[in-house]
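# Architecture and fold: a report
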Amino acid sequence: RPMSNIDTSMVVTAAQTEASAQTDLRTAVTTERDRRLNAGVVVAVTGYGNIAVQGRPTDQINLIALGDTARDLQAAGITAAVIPFRDGNNATHNLTAVQIAEVVRKGKMSASGLYAAAWALKDAATVPADFADDQHWP
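In this section: helix α3 (residues 97-123). Helical periodicity: at 3.6 residues per turn, an α-helix aligns residues three or four positions apart in one direction. Between its terminal C-alpha atoms α3 stretches 39 Å, which fits the 39 Å expected from 27 residues at 1.5 Å a residue. Of all the positions in α3, only Ala 97, Gln 99, Ile 100, Glu 102, Val 103, Val 104, Gly 107, Leu 114, Ala 117, Ala 118 and Leu 121 are classed as buried.

The next point concerns the pairing of strand β1 (residues 41-45). As judged from the 5 bridges shared by β1 and strand β2 (residues 49-53), these two strands associate in the antiparallel manner. Note on β2: the bridge partner recorded for Val 41 is Val 53.

With that out of the way, let us pick up the nonpolar core. One finds Ile 51, Val 53, Ile 83, Phe 85, Ile 100 and Val 103 to be the most contacted residues of the largest nonpolar core, which totals 15 residues. Secondary structure elements with two or more residues in this core: β1, β2, α2 (57-75), β3 (83-86) and α3. The residues contacting Phe 85, other than those within four sequence positions of it, are Ile 51, Ala 52, Val 53, Asn 62, Leu 63, Leu 66, Ala 91, Thr 92, His 93, Leu 95 and Ile 100. Leu 37, Ala 118, Leu 121 and Trp 137 belong to the second-largest nonpolar core, a separate cluster that totals 9 residues.

Let's shift gears to the packing of aromatic side chains. Centre distance and the angle of the planes are the two values used to describe a pair of aromatic rings. Taken as a whole and judged by the stated rule, the model has 1 aromatic pair. Centre to centre, the rings of Tyr 115 and Trp 119 are 5.9 Å apart; their planes meet at 50 degrees, and the pair counts as tilted. A residue pair is termed a helical-turn pair when its members lie 3 or 4 positions apart in one helix, as Tyr 115 and Trp 119 do in helix α3 at 4 residues. For Tyr 115, a relative accessible area of 31% gives the class partly exposed.

Moving on, we come to the side chain of Thr 96. In this fold, Thr 96 is placed in the loop between β4 (92-95) and α3. Beyond its immediate chain neighbours, meaning those up to four positions away, Thr 96 contacts Thr 79, Ala 80, Ala 81 and Ile 83.

A few words on the pattern of salt bridges. Following the criterion strictly, the structure yields 7 salt bridges and no others. Glu 32 is the salt-bridge partner of Arg 35, the closest N and O atoms lying 2.8 Å from each other. Pair noted here: Arg 35 and Glu 32 are both in helix α1 (residues 14-39), with a separation of 3 residues, about one helical turn. Under the relative-accessibility criterion, Arg 35 is labelled partly exposed at 46%. According to the relative accessible area criterion, Glu 32 is buried, its value standing at 9%.

Quick look at unusual backbone geometry now. The phi angle at Asn 90 is positive, at roughly 65 degrees, despite the residue not being glycine. Within the secondary structure, Asn 90 is located in the loop between β3 and β4. For Asn 90, a relative accessible area of 55% puts it in the exposed group.

Criteria and thresholds
- Residues numbered from 1 in each chain as written.
- Predicted model: local features only at pLDDT ≥ 70, side-chain atom pairs only at ≥ 80, totals over all residues.
- Heavy atoms only, no water.
- Helix = DSSP H or I, 4+ residues; strand = E, 2+ residues; numbered from the N terminus.
- Expected span 1.5 Å × (residues − 1).
- Buried < 20%, exposed > 50% of the residue type's maximum accessible area, 1.4 Å probe, protein only.
- Pairing = 2+ DSSP bridges.
- Core = buried A, V, L, I, M, F, W, Y, C linked by side-chain atoms within 4.5 Å.
- Contact = heavy atoms within 4.5 Å.
- Phe/Tyr/Trp six-rings, centres within 6.5 Å; stacked < 30°, edge-to-face > 60°.
- Salt bridge = Lys/Arg side-chain N within 4 Å of Asp/Glu carboxyl O.

Written out as structure tokens, the structure is:
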């Protein structure tokens, strides 16, 4: 005798479970990307040394402003180290416009690499369970 009182609309298939898990992993990839952006990167500045650059949203805005200042100073022919920059380790560096431009460029390159890595992970047919491992990131 058939069981007509079973509601099959509530049955979740293995494919649906896997699709949901992949959606969760893609969201986690975004979180990992943001964590890495916020942590920042150490950039080597020509003729100066290493500087820790953070990538939090406020740091990104500051870097954009410093990049504009650097362009203005370069256009005015100012070559002295007149731009103070407080890095991710709370050390203050007095930098030239050329050095600030390098910090900004290398910071943007680092962020672009993180975005590209996140996109590659999210666009993969299957996001690897170890997506947060450094092997998947620049």
